[in-house]
Each structure stands twice: as C-alpha cells, then as structure tokens.
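# Summary of structural features
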Amino acid sequence: MFCILITLFLFSTAQNCSNYTFTANRTFTSCKELPYLEANLHWNYNSSSAKVSIAYRAKQDPKGWVAWAINPTGKGMVGSQALVAFHNPNGSMIAYTTPIINYSPRLLKANLSFQVSYISAEYLKNEMTIFATIGPLGNVTAVNHVWQAGSSVSSNIPQAHSLSSPYLKSSGKIDFQTV
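In short, a report on the structure. Everything numeric in this text was worked out from a predicted model, so none of it was measured.

### Remarks on unusual backbone geometry
In this structure, Pro 136 follows Gly 135 across a cis peptide bond, with omega equal to 20°. The residue Pro 136 is located in the loop between β8 (127-134) and β9 (142-150) in this model. At Lys 125, a residue that is not glycine, the phi angle is positive and equals roughly 50°. Along the chain, the position of Lys 125 falls in the loop between β7 (116-124) and β8. On the basis of relative accessible area, Lys 125 is assigned to the exposed category, the value being 67%.

### Thoughts on the pairing of β7
Sheet analysis places β7 next to β8, joined by seven bridges and oriented antiparallel. In the strand pairing of β8, Val 116 is matched with Ile 134. What sits between the antiparallel neighbours β7 and β8 is a turn of two residues, in which Lys 125 has the positive phi angle 50°.

### Here's the deal with the nonpolar core
Counting residues in each nonpolar core, the largest one holds 29 residues, and the members touching the most others are Leu 41, Ile 54, Tyr 56, Trp 68, Ile 134 and Phe 176. Every element with two or more residues in this core is listed here: β2 (39-46), β3 (51-59), β4 (65-71), β5 (81-87), β6 (93-99), β8 and β9. When sequence neighbours within four positions are dropped, the list of residues in contact with Tyr 56 reads Leu 34, Ala 39, Asn 40, Leu 41, Val 66, Ala 67, Trp 68, Met 128, Thr 129, Ile 130, Trp 147 and Gln 148. Trp 65, Phe 86, Ile 100 and Leu 107 belong to the second-largest nonpolar core, a separate cluster that totals ten residues.

Conventions we followed
All residue numbers here refer to positions counted from 1 along the written sequence of the relevant chain. It should be noted that, the model being predicted, local features are given only for residues of pLDDT at least 70 and side-chain atom pairs only at 80 or more, the latter also being counted only at that level, while totals for whole chains, interfaces and linings use all residues. Excluded from the side-chain calculations are hydrogens and water; all other atoms, namely the structure's heavy atoms, are used. In this description a helix means any DSSP run of H or I spanning at least four residues, a strand means any run of E spanning at least two, and both kinds are numbered starting from the N terminus. Categorising residues by exposure relies on relative accessible area from a 1.4 Å probe, with only protein chains included: less than 20% of the type maximum marks a residue as buried, more than 50% marks it as exposed, and the intermediate range marks it as partly exposed. Pairing between strands is defined by DSSP: at least two bridges between the two strands are required. Residues belong to a common nonpolar core when they are buried Ala, Val, Leu, Ile, Met, Phe, Trp, Tyr or Cys residues joined through side-chain atoms within 4.5 Å. Contacts were defined at the residue level, with two residues in contact if any of their heavy atoms lie within 4.5 Å.

The values are spatial; any link to function lies outside them.
Below, the structure is given as structure tokens:
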C-alpha cells in the first residue's frame, strides 16, 4: 500500500509546469504556473523573428471553454486579443482568435491586432490546451496577459464565465525572454 501511495504522489507531482509532456513531441523551453484557474503557460520565444510559440493549458470540463489573451493596450480583459478553445458539437476541438472589445464579449471568430498562426487545441486528461504561434511582436517581449475559463458553450459560442474572485484575478504580466 505504501508503494502505491508513493507512486501516486510521484505521478501527481511529475506533470507540473516544467516537466509536462506534450503530445506530438512538442517541447517548450519556458513555462509559468499561473496563479488562478489551474492553468499553465508554456512558450518558446524566437528573438530573431520576434515570434512566440505558446501552449496554454488549463483544467476544464469537456463542456466548457478556455481562453488566453495578450492585452497590448492595457491591463485586464477589455482590449485583449484572445485565443479561445472548446469542443465542437461533433466532439473535436476548435480553436480560434477573437478580440475582446467590451465586458460582454460574444467571443466570435475574428482577426487580432497581431498575427497568429498554427492555432490548434486538444483535450487530454481533463485539460484543454491551446497551441499557437504569435507575432511578430516587434520589440515587445513583456506583455499583459489574461486567461479565462467558462463552464458552457451554446451554439458554438462560449458563454459568460463566473464572476467569482479567481476569474476576476486571472491576469498578469509575462516576459517571453524569461526562461
């Protein structure tokens, strides 16, 4: 019994931010455990192209949605440029971009103020992960970012998230040159 408990403990601690194993042999040199919503951000920053490849992963029910965004004009949700993911009605994952222009966003697919390529999403082990390459970001490596999660999607549109404390505090600053 002791051996089983030790094994479970080692397995549960083995998949934290810095040693998480992604599918398809994806690897990231940097990561940050985000303080709210059981989320992590992983990235590779390419200084010569000023692009960053990210993997945003968060614990989520299969009927919910997740989002991660950069706010190039300020702090918080309004003005942020978001990547959103959720399950299609057919069960596959969908990921797309959407700008957040007010406090009642519809999270409809639209272009952002910067380029996003290779966007995709997956759902494994009760986590949704968004993959994308962002930029070029120019001379900016430190950005304000926000992340979010919601419990439902209706007609392929993510519905409003909770307004409880962790959801309202899910923002910060990240420097992509930090390893």
